[in-house]
Amino acid sequence: MDLVGLIPLLPILGFAAIGLGGRWLPKKAVSILGPGVVGASFLMTLAVFFQLFSLPPSERRVVTSLFSWVVAGNFSVDISFLVDPLSMVMALVVTGVGFLIHVYSVGYMGEDPGYRRYFAYLNLFTFSMLCLVLSSNFLLMYLGWEGVGLCSYLLIGFWYEKKSAADAGKKAFIVNRVGDFGFALGVMLIFTTFGTLDFGGVFSQAPALSTEGGQRIATAITLLLFLGAVGKSAQIPLYTWLPDAMEGPTPVSALIHAATMVTAGVYMVARCHALYLLAPFSMAVVAVIGALTAIMAASIGLVQNDIKRVLAYSTISQLGYMFLACGVGAFTAGIFHLVTHAFFKALLFLGAGSVIHALSGEQDLRKMGGLRKYMPATYTTFLIATLAISGVPLLSGFFSKDQILSAAFFSPQGGNFLWLLGIVTASMTAFYMFRLFFLTFTGGCRASEEVQHHIHESPHSMTVPLMILGFLAVVGGYIGMPHALGGVNAIAGYLAPVFADLPHLPEPSLGMEYLLMATSVVVAFLGISLAYFFYVRSPQAAERLRQNFLYTLLLNKYYVDEIYQALIVSPIVAGSRWVWERFDLGIIDGAVNGSARLVEKLALRGRQLQTGYVRQYAMAVVMGVVIILAYLVWG
Amino acid sequence: MAAVPLDWYLILAGLLFAIGTVGVLVSRNAIVILMAIELMLNAVNLTFVAFSHYMGKNDGQVLVFLVMTVAAAEAAVGLAIILNIFRTRESVNIDDINLMKW
């Protein structure tokens, strides 16, 4: 377990080496060092994981304290790491998927002049994310939470000379700030309530809040923490930054905005489940926000034309699923979906990156098509990921999504309505993913002659990670195969020590479970067939749909950005401008300049005294002496 | 031999000091001003010596040596400055040198 300190240490060392010494390092060294430290970190995580596994299940919770960080009065926080099944799942995903994406980046960013800066940021991100998931107290978690936000900002605005990228970075940072504000308040409220920020201390004292007054505090804490999760994990109403974040390099979208950072909110809610269970209202809020986000983002994704934006809305929608799972008390299902989603969504983004790379930077679906014969490796892996996310049986997405839907249906906190939202979302997911797939890989190529001439399969550094992720996207689901299908649901058993305090859900009848499963398979195939009909069989039908009012509404993303602009951004900008012009320029600058002008006026008078004639000065001295003498003699 | 009373020494020193002061104030020639300052210093020296004798202590006489040393140094520096001013401005008139302001 002592190795756990090395897990975050290696990436920060990589950041220091590349960030400080990158100018003098040859490019080859950066290509090895950048992914290398994350790979080493992954091996450390594996080692710790197997150490943990060798313990009996009830003892699988080890806190390693490195040193005391902040001590002030009765407030004390250590740099300490918590190793338990939940944090290990997250650390494995972060370092494992992170390592593959680092390797992919070597190929993808190879020609970029900011190559060293890119890897420095990426290593810093890995460090922050590992702090977030491995921390054993809220303060270190907050450090990681802010750190990933910073890296997200830096990497979205990586091509800062492009105005849209710089703007998107700012937007992500500011929108996240709203959420982080809630998170910070939540942490403070936890400290005033429990007198400690340590997970162990807080969660062991949590049951004391089951009184009526205590429940109100628990509700406040959990809602504030959830506000942080809403910002970081792009849920309604703070999801608008994530689609814009696609301005960053594609591997960044895969790592930060699909596989790891955006799932931090889900992890945090699962980590704090002891508090959430005390606040039924917060649980309901989490579930409803999750379900609404899932369906809203999926509906927007139906019509977007930018390949990465479709995937971005898909990510928001899938994150909504995870929150839906947490909200109905099925934390295991949420974490399970987080893991499978990390595999297939990272794969989708990397595949999209491969496509964009081949098409010389083209991201518009309307200018793609027919790439199947040019890029067989990308085509195959992308198809696997598309099938997985659509919920086709026997692939990873099917198992995890099905667990969530079944939990939403059977859980006492769930209900038919939440399940219905989920199942409609599932069908939309299948539709937009296959629309994307058909438009990209089948039919004739709609790119310009010149671009077509350059189409090529990506280098091995890019296709090998694709294949590994493709493999994981297929088999990842078998760690959580439900009992109804003859599986053992390994992940639920593995996570059981963490969620031991959860109330037992009523065991659903097998028949009902098979029925739900059949329904989700049917809607998935319905979505796929619709996509096939509109985008392969009769594209003119799709053309006709474009005239629709609903289509325009969706294409413009429900005008949410415009509404925010009008209701929030513009008034704040106008108010700030007013304060700047009136208060800053008028009062503050006026006071400063005014006092300077007063001194200047006085000095203009005062300097007349100095004539420059030595004899006058001497006269003044003598007069002074005479006056003093007169005072001493007669005074 | 009847000793000269202390008062007379003090009156003489006061007169010398007043003459020196007036010399500094009215003269325009820098060299004359310097000489007037010497006069003032020596007036002070006279009082030192007179008091020293009157009190029967040697402290005042020691101080006089100090004043003489400082006066010599001051005269040397002052003359050097005046010499330099004369070289650049062709004048030792103190009123021509009125740049010592704002």
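Treat the numbers as computed from the prediction; the structure is a model and nothing was measured.

Please provide a residue-by-residue account of the overall build of chain B, values included.
In terms of regular secondary structure, chain B is built from three helices and zero strands. Put simply, chain B runs from its N terminus to its C terminus through helices and strands in the order α-α-α. Taking 2.2 N^0.38 as the reference for a compact globule, 102 residues should give roughly 13 Å; the C-alpha atoms of chain B span a radius of gyration of 17 Å, well beyond that estimate. Based on the C-alpha atoms only, the size of chain B along its principal axes is roughly 55 × 30 × 25 Å. Out of the 102 residues belonging to chain B, those deemed buried represent 13%. Contacts spanning at least 24 positions in sequence make up 47% of the contacts within chain B whose residues lie at least 6 apart.

Tell me about the overall build of chain A, residues and numbers included.
Broken down by element type, chain A carries 26 helices and two strands. Projected onto its principal axes, the C-alpha coordinates of chain A cover approximately 120 × 65 × 50 Å. A total of 635 residues make up chain A; the buried ones form 50% of that total. The contacts of chain A with a sequence gap of at least 6 include a subset with a gap of at least 24, amounting to 80%.

Report on the environment of A430 of chain A, specifying residues and quantitative values.
One can find A430 of chain A in helix α18 (residues 416-441). When the C-alpha atoms of A430 of chain A and L302 of chain A are compared, they prove to be 9.8 Å apart, with 128 residues separating the residues in sequence.

Let's hear about the packing of helix α15 (residues 331-358) of chain A against helix α17 (residues 396-410) of chain A: which residues, and what values?
Residue and element names in this part refer to chain A. Between α15 and α17, the least distance of the axes is 9 Å, while the angle of their chain directions is 155°. Classified by the interaxial angle, the pair formed by α15 and α17 is roughly antiparallel. Note that α15 runs across α17; the crossing there is left-handed. Facing A333, F336, H337, T340, F343 and F344 of α15, the residues of α17 in contact are S396, G397, S400, K401, Q403, I404 and A407.

How would you explain the interface of chain A and chain B if you had to name every residue and give the values?
On the side of chain B, ten residues touch chain A, which itself brings ten residues to the contact. Residue composition of the side of chain A that touches chain B, grouped by class: five nonpolar, three polar and two charged.

Before we move on, could you go through the environment of F344 of chain A and cite the residues and values that matter?
Residue and element names in this part refer to chain A. As for its position among the elements, F344 is in helix α15. A C-alpha to C-alpha distance of 10.0 Å links F344 and A254, two positions 90 residues apart in sequence. Residues contacting F344, with those up to four places away along its chain left out, are A385, A388, I389, S396, G397 and A473.

Give a description of unusual backbone geometry that names residues and reports values.
Phi is mostly negative for residues that are not glycine, and the peptide bonds are mostly trans. All names here are of chain A. Cis geometry marks the peptide bond from I236 to P237, where omega comes out at 0°. Positionally, P237 belongs in the loop between α8 (212-232) and α9 (241-244). Positive phi is not limited to glycine here, since S360 has a value of about 55°. Relative to the helices and strands, S360 is located in the loop between α15 and α16 (376-390). S360 gets classed as partly exposed once you count the C-beta atoms within 10 Å, which come to 14.

Describe the pairing of strand β2 (residues 75-83) of chain A, naming the residues involved and giving the relevant values.
The buried fraction of β2 of chain A amounts to seven of the nine residues, a majority that puts the element mostly inside the structure. If you look at the hairpin formed by strand β1 (residues 62-72) of chain A and β2 of chain A, you'll find two residues sitting between the two strands, and G73 of chain A has a positive phi there, around 60°.

For the packing of helix α13 (residues 280-301) of chain A against α18 of chain A, give the residues involved together with the corresponding values.
Residue and element names in this part refer to chain A. Contact pair α13 / α18: the axes reach a minimum separation of 9 Å and the direction vectors enclose 25°. Considering the angle they form, α13 stands roughly parallel to α18. Note on packing geometry: the crossing formed by α13 with α18 is left-handed. The segment α13 lies against α18, with A287, A291, A294, I295, A298, S299 and G301 engaging L418, L421, G422, V424, T425, M428, T429 and Y432. A breakdown of the residues in the contact of α13 with α18 according to their chemical character gives ten nonpolar, five polar and no charged.

Hey, could you go over the confidence of the model for chain B for me, with residue numbers and the actual values?
With 95% of its residues at a pLDDT of 70 or more, chain B shows a mean pLDDT of 89. Interface confidence in the predicted complex, given as ipTM, is 0.83; pTM for the same model is 0.81.

What counts and what doesn't
- Residues numbered from 1 in each chain as written.
- Chains lettered and ligands numbered in written order.
- Predicted model: local features only at pLDDT ≥ 70, side-chain atom pairs only at ≥ 80, totals over all residues.
- Helix = DSSP H or I, 4+ residues; strand = E, 2+ residues; numbered from the N terminus.
- Rg over C-alpha atoms; globule rule 2.2 N^0.38 Å.
- Buried ≥ 20, exposed ≤ 12 C-beta atoms within 10 Å, placed from the backbone.
- Contact = placed C-beta atoms within 7 Å.
- Axes fitted to C-alpha atoms, helices over the stretch in contact; angles between N-to-C directions.
- Parallel < 35°, antiparallel > 145°, perpendicular 65-115°, else oblique.
- Left-handed = near helix turned anticlockwise from the far one by under 90°.
- Nonpolar A, V, L, I, M, F, W, Y, C, P; charged D, E, K, R; others polar.
- Pairing = 2+ DSSP bridges.
- pLDDT = per-residue confidence, 0-100.

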